[in-house]
Amino acid sequence: MKVALFIGSDSDFDVIQGAVKVFKDFDVPFTLEVTSAHRSPRRTESLVKMLVEEGVEVFIAVAGKAAHLAGVVAAHTVRPVIGVPVASATLNGLDALLSTVQMPKGVPVACMGVGPSGAVNAALLAVQILSLKDESLVTRLNDYREEMAAQVESSSKKIKEKI
Ligand code: RP5
């Protein structure tokens, strides 16, 4: 297992679908766990410690509202931690964004954008971190970028046909 993907609640599951697809597309072994910073603090701590021992190199923590999951994970490891804020009905993710991004100095969390796009970017950033030690991932990441560029070109052609 190279990456651990934590969600604060099963209600966050939909948000991470794109991230799961990234890991499958890039053949990156990952584990998914539901664990909460405040509802299951001991489980969160022991999962982090156990997964570090098992060789996990990057953690992703996805949570909404007063989202402290990423910060708590970061408190228990010096592995890089990427946080993804989830939008809730009341404050539309601003609460989780500020909670995740405003870590006091000393214990960093790399905060992505809110919601599904942020989750995809978290997975891609994790793959980029792993690519520092795995040249095959560099090739795959470059292919992924080229595919995106080709899609932009093709959408430009389609848009022009409409005018
Ligand atoms: C956070 O509170 C979770 O990450 C979730 O985004 C939010 C709501 O959780 P549930 O009440 O749906 O379990 O801890």
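This text goes with the structure placed above it.
Residues numbered from 1 in each chain as written. Predicted model: local features only at pLDDT ≥ 70, side-chain atom pairs only at ≥ 80, totals over all residues. Heavy atoms only, no water.

Draft legend 1. Quick look at the nonpolar core. Counting 27 residues, the largest nonpolar core has Phe23, Phe26, Val28, Ile60, Val62 and Val127 as its most contacted members. For this core, the secondary structure elements donating two or more residues are β1 (3-7), α1 (17-25), β3 (58-64), β4 (81-86), α5 (116-131) and α6 (135-161). With 7 residues, α5 is the largest single contributor of residues to this core. Leave out the neighbours within four places in its chain, and Val62 touches Leu5, Phe6, Ile7, Gly8, Asp12, Val15, Ile16, Leu69, Val84 and Val86. (Core = buried A, V, L, I, M, F, W, Y, C linked by side-chain atoms within 4.5 Å. Buried < 20%, exposed > 50% of the residue type's maximum accessible area, 1.4 Å probe, protein only. Helix = DSSP H or I, 4+ residues; strand = E, 2+ residues; numbered from the N terminus. Contact = heavy atoms within 4.5 Å.)

Draft legend 2. Region of interest: the site of the ligand. The environment of the ligand is made up of Gly8, Ser9, Ser11, Asp12, His38, Arg39, Ala63 and Gly64. Within the side chain of Asp12, a nitrogen or oxygen atom sits 2.6 Å from an oxygen atom of the ligand. Here Arg39 contributes a side-chain N or O atom positioned 3.2 Å from an oxygen atom of the ligand. Across the complex, the protein chains shield 72% of the 360 Å² of accessible surface that the ligand would expose by itself. Residue composition of the shell around the ligand, grouped by class: 1 nonpolar, 5 polar and 2 charged. (Near = heavy atom within 4 Å. Polar contact = N/O pair within 3.5 Å; in protein donor to acceptor, adjacent residues only side chain to side chain. Areas by Shrake-Rupley, 256 points an atom, 1.4 Å probe, with all protein chains shown as cover. Nonpolar A, V, L, I, M, F, W, Y, C, P; charged D, E, K, R; others polar.)

Draft legend 3. Region of interest: the pattern of salt bridges. Under the defined criterion, the tally for this structure stands at 6 salt bridges. Measuring nitrogen to oxygen at the nearest pair gives 3.1 Å for the salt bridge that ties Lys2 to Glu57. In this pair, Lys2 is assigned in the segment before β1 and Glu57 in the loop between α2 (41-53) and β3, connecting sequence segments 55 residues apart. Its relative accessible area of 16% is what places Glu57 among the buried residues. Ionic pairing is found between Arg140 and Asp27, a salt bridge with its closest N-O pair at 2.9 Å. Of this pair, Arg140 sits in helix α6 while Asp27 is found in the loop between α1 and β2 (30-34), placing the two residues 113 residues apart along the sequence. (Salt bridge = Lys/Arg side-chain N within 4 Å of Asp/Glu carboxyl O.)

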